Every structure is written in structure tokens, then in C-alpha cells.
Amino acid sequence: MNDTDLNRMLKHAAIPAAAPPALEEMIMARVRVDDGRARRWRSFVQWLLLLAAISGIVTASMVGWILASRDTTHTTPPTMELFRAGTPQ
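Just so you know, the residues in each chain are numbered from 1, in the order the chain's sequence is written. The predicted origin of the model limits local features to residues at a pLDDT of at least 70 and limits the giving and counting of side-chain atom pairs to 80 or more, whereas totals for whole chains, interfaces and linings rest on all residues. No hydrogens and no water enter the side-chain calculation; it runs on all heavy atoms of the structure.

1. Here we look at the environment of Leu 6
Helix and strand definitions follow DSSP, with helices as H or I runs of at least four residues and strands as E runs of at least two, each counted in order from the N terminus. In this fold, Leu 6 is placed in helix H1 (residues 3-13). Separated by 21 residues in sequence, Leu 6 and Ile 27 have C-alpha atoms that sit 9.8 Å apart.

Have a look at this one:
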């Protein structure tokens, strides 16, 4: 519903009490339809954000795992000066 539709409906609703009851039913039906549409969009956006967050976490975990598995820092012990230089002087 855009501003033009809303203004037109409000002008129709501002008609004195002699307005037909079908007009009120039409307005309430339109409000119910728009409320359902808003709920569906809200649900869609929430699912989209949730899936984006989950995919970001999964991607970061995979990148971290791959980088950690390629890291050779802890696979070989560090060389010690004591054994490399012989006897200390």
C-alpha cells in the first residue's frame, strides 16, 4: 500500500456515518492483507539474516581450520642453542 492508496482510503473513511458498511469491510480486508504481507516480509528478512550469520560462522570456521591444518609451527620442536652450539663457554 502506498501513500496514495492510504490517503484515498482515509478520505473514504472520513465520510459521515451514512457510509455503507461495505466500505468498512473493504478497509479492514485491505488492512488484514497488508498485515499478512508485512509479517511474511519480516519473516523472510529474519530468515535471510539468520542464514547469512550461520554461513559467515561456517565460512570463518572452515578458513580457520584450513589455516591451522597448514601451520607447521608446532609440528617440529624448536632448536635449542645449548644443543646447536655444543658446550657453553
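Next comes the rest of the write-up.
2. Describing the environment of Ser 69
With respect to the helices and strands, Ser 69 occurs in helix H2 (residues 21-70). For the purposes of these results, a polar contact is taken to be a pair of N or O atoms within 3.5 Å, where, inside protein, one atom must be able to donate a hydrogen and its partner to accept one; residues adjacent in sequence count only when each atom of the pair is a side-chain atom. A distance of 2.8 Å separates a polar side-chain atom of Ser 69 from the backbone oxygen of Ile 66.

3. Overview of the packing of H1 against H2
In this analysis, axes come from line fits to C-alpha atoms, helices being fitted only over the stretch in contact, and the angle between any two N-to-C directions falls in the range 0 to 180 degrees. For the pair H1 and H2, the least separation of the axes is 10 Å and the interaxial angle reads 150°. Here H2 runs roughly antiparallel to H1, going by the angle between their axes. In this structure, H1 crosses over H2, and the sense of that crossing is left-handed. Between H1 and H2, the contacting residues are Asp 5, Met 9, His 12 and Ala 13 on the first element and Leu 23, Ile 27 and Arg 30 on the second. Its residues assigned to classes, the contact of H1 with H2 comprises four nonpolar, one polar and two charged. Under this scheme an angle from 65 to 115 degrees is roughly perpendicular, one under 35 degrees roughly parallel, and one over 145 degrees roughly antiparallel; angles in between are oblique. By definition, any crossing whose near helix is turned counterclockwise from its far helix by less than a right angle is left-handed, and any crossing with a clockwise turn is right-handed. Should any heavy atoms of two residues lie within 4.5 Å, those residues are counted as being in contact. Charged residues are taken to be Asp, Glu, Lys and Arg, nonpolar residues to be Ala, Val, Leu, Ile, Met, Phe, Trp, Tyr, Cys and Pro, and polar residues to be all remaining types, Gly included.

4. Brief notes about the packing of aromatic side chains
Within 6.5 Å between ring centres, the rings of Phe, Tyr and Trp (the latter by its six-membered ring) count as paired, and their orientation is classed by plane angle as stacked under 30 degrees, edge-to-face over 60, tilted in between. One pass over the full model with this rule turns up one aromatic pair. With a centroid separation of 5.7 Å and an interplanar angle of 85°, the aromatic rings of Trp 41 and Phe 44 are classed as edge-to-face. Taken as a pair, Trp 41 and Phe 44 lie in helix H2 at a separation of three residues, close to a single helical turn. You can call Trp 41 exposed: its relative accessible area is 54%. When a residue's accessible area, from a 1.4 Å probe over protein chains only, is under 20% of the maximum for its type it is buried; when over 50% it is exposed; and in between it is partly exposed.

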